Amino acid sequence: MLDSYSGATRLHVIIGDPIAQVKAPGGLTREFGKRGRDWIVVPLQLTTADVGAGLSVLSRARNVDGLIATVPHKFALASHCSTLSDRAGFLGAANVARRNADGSWHGDMLDGEGFTDAAARVGCRMQGARALLIGAGGAGSAIALSLLDRGVAKLAIHDIDTDRRAALLAKLADRFGDRIGQTTGDASNVDLLVNATPMGMRADDPLPLDIARLDAATFVGDVITVPEITPLLAAARERGCAIQTGIGMFESNIGLMADFFEGGASQ
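Fair warning: this is a prediction, and the values are worked out from it, not measured in the lab.

Next up on the list: the overall build of the protein. Counting its secondary structure elements, the protein contains nine helices and twelve strands. Computed over the C-alpha atoms, the radius of gyration of the protein is 18 Å, within 12% of the 18 Å expected from 2.2 N^0.38 for a compact globule of 267 residues. Expressed along its principal axes, the backbone C-alpha trace of the protein runs to roughly 55 × 40 × 35 Å. Across the 267 residues of the protein, 53% fall into the buried class. A total accessible area of about 11800 Å² is found for the protein, and carbon and sulfur atoms account for 51% of it.

This is how it looks when you write it as structure tokens:
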């Protein structure tokens, strides 16, 4: 990458707070290189208070072709886009955006497909499953939609932000009816458990829910990339559960993001 890196290199900027944990700068830049693209991913740490101003400045930079949002900026990125894919518009959240012909932004939300693609590859059964999702933020919303699209029979959602959970439940219920439910976070009697919160990123984080009743047959997934084996995944593995790490989701997302930035169809 450094051999060709120059003023002609096109920039894709990833924004988040925190940002040190993200893998996209290296992973996606390498993928761009494999595709013969002189493109690079640059990380920027922007607070919630500064994200609007930051996106406005990036929009004025004529060598910035793409934007990527991680926690907590996926809703902010969607609001900054002039056009959105159907799924990003439905969720009101986007994790990627590319330029329209007029220089404005077109956004899509790939986290759900990234997670479910990765989970399916390691044997997770979604069709007809009972699922519990922890976290109703940007990634959680996208994963919820993708799980339901892939045939999950019952999806319960838990979030400590009850207003955010209620908003997502209402949105999904309009499309999926009684396949949607709410829960206090009981991990028993589910086939699939997904943590879509940042809990587990720091060493002193508590588990995102009580797993005392977690069954060995439950498939457990996490979106966190650092550490790869979160305390939740470690505890699940000790109980004999099959697991999906955030790194697996990230690796799926790399190809999806590269396709999107190359102009692939968004849904």
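Having seen the model, we can carry on.
As a rule of thumb, nonpolar side chains are buried together in soluble globular proteins. Within the largest apolar cluster, 32 residues are counted, with the highest numbers of intra-cluster contacts made by Leu133, Ile143, Leu147, Leu155, Ile157, Leu172 and Leu192. Residue assignment for this core shows that the elements contributing at least two residues are α4 (86-91), α5 (111-121), β7 (130-134), α6 (138-149), β8 (154-158), α7 (162-176) and β10 (192-195). Ranked by residues supplied to this core, first place goes to α6 with six residues. Among all residues touching leucine 172, those that are not within four sequence positions of it are Phe90, Ala144, Leu148, Ile157, Gly177 and Ile180.

Now for the packing of aromatic side chains. Think of a pair of aromatic rings as described by two things: how far the centres are apart, and how the planes are tilted against each other in angle. Throughout the structure, instances matching the rule amount to three aromatic pairs. Consider the rings of phenylalanine 32 and phenylalanine 261, whose centres lie 6.3 Å apart with planes at 70 degrees: the pair is edge-to-face. With phenylalanine 32 in helix α1 (residues 24-34) and phenylalanine 261 in helix α9 (residues 246-261), the pair connects residues that are 229 residues apart, well separated along the chain. Of the two residues, phenylalanine 32 and phenylalanine 261, neither departs from the other in class, the shared state being buried. Relative to phenylalanine 261, the ring of phenylalanine 260 has its centre 5.4 Å away and its plane inclined at 70 degrees; by these criteria the two rings are edge-to-face. Taken together, the ring pairs connect Phe32, Trp39, Phe260 and Phe261 into an aromatic cluster. Just above the ring of phenylalanine 90 sits the side chain of arginine 175; from NZ or CZ to the centre is 3.9 Å.

Next up on the list: the pairing of strand β2 (residues 39-45). Side chains on a regular strand alternate between the two faces of the sheet. Here strand β1 (residues 10-16) runs beside β2; their pairing, made up of seven bridges, is parallel. Pairing of isoleucine 15 across the sheet is with leucine 44, part of β2. Considered for its hand, the β-α-β crossover made up of β1, α1 and β2 is right-handed.

This part takes up α5. Along α5, the residues that are buried comprise Asp111, Gly112, Gly114, Phe115, Thr116, Ala118 and Ala119. Buried residues belonging to α5 abut α3 (74-80), α6, β10, β11 (219-222), β12 (243-244) and α9. Glycine 123, located one to two residues past α5, shows a positive phi value of around 100 degrees.

As a further point, take the side chain of asparagine 195. Counting through the fold element by element, asparagine 195 comes out in strand β10. A relative accessible area of 0% places asparagine 195 in the buried class. In terms of polar contacts, asparagine 195 uses its side chain to reach the side chain of aspartate 222, at 3.0 Å. Filtering out sequence-adjacent residues up to four positions away, asparagine 195 remains in contact with Ile134, Pro208, Gly221, Asp222, Val223, Ile224 and Leu232.

Looking at where aspartate 111 falls in the secondary structure, it is placed in helix α5. Those residues in contact with aspartate 111, other than ones at most four positions away along the chain, are Lys74, Asn95, Ala139, Ala142, Ile143, Met249 and Asn253.

Basis of the calculations
- Residues numbered from 1 in each chain as written.
- Predicted model: local features only at pLDDT ≥ 70, side-chain atom pairs only at ≥ 80, totals over all residues.
- Heavy atoms only, no water.
- Helix = DSSP H or I, 4+ residues; strand = E, 2+ residues; numbered from the N terminus.
- Rg over C-alpha atoms; globule rule 2.2 N^0.38 Å.
- Buried < 20%, exposed > 50% of the residue type's maximum accessible area, 1.4 Å probe, protein only.
- Areas by Shrake-Rupley, 256 points an atom, 1.4 Å probe, with all protein chains shown as cover.
- Core = buried A, V, L, I, M, F, W, Y, C linked by side-chain atoms within 4.5 Å.
- Contact = heavy atoms within 4.5 Å.
- Phe/Tyr/Trp six-rings, centres within 6.5 Å; stacked < 30°, edge-to-face > 60°.
- Lys NZ or Arg CZ within 6 Å of the ring centre and 35° of its normal.
- Pairing = 2+ DSSP bridges.
- Right-handed = clockwise from strand over helix to strand, strands pointing away.
- Polar contact = N/O pair within 3.5 Å; in protein donor to acceptor, adjacent residues only side chain to side chain.

Keep in mind these values describe shape, not function.
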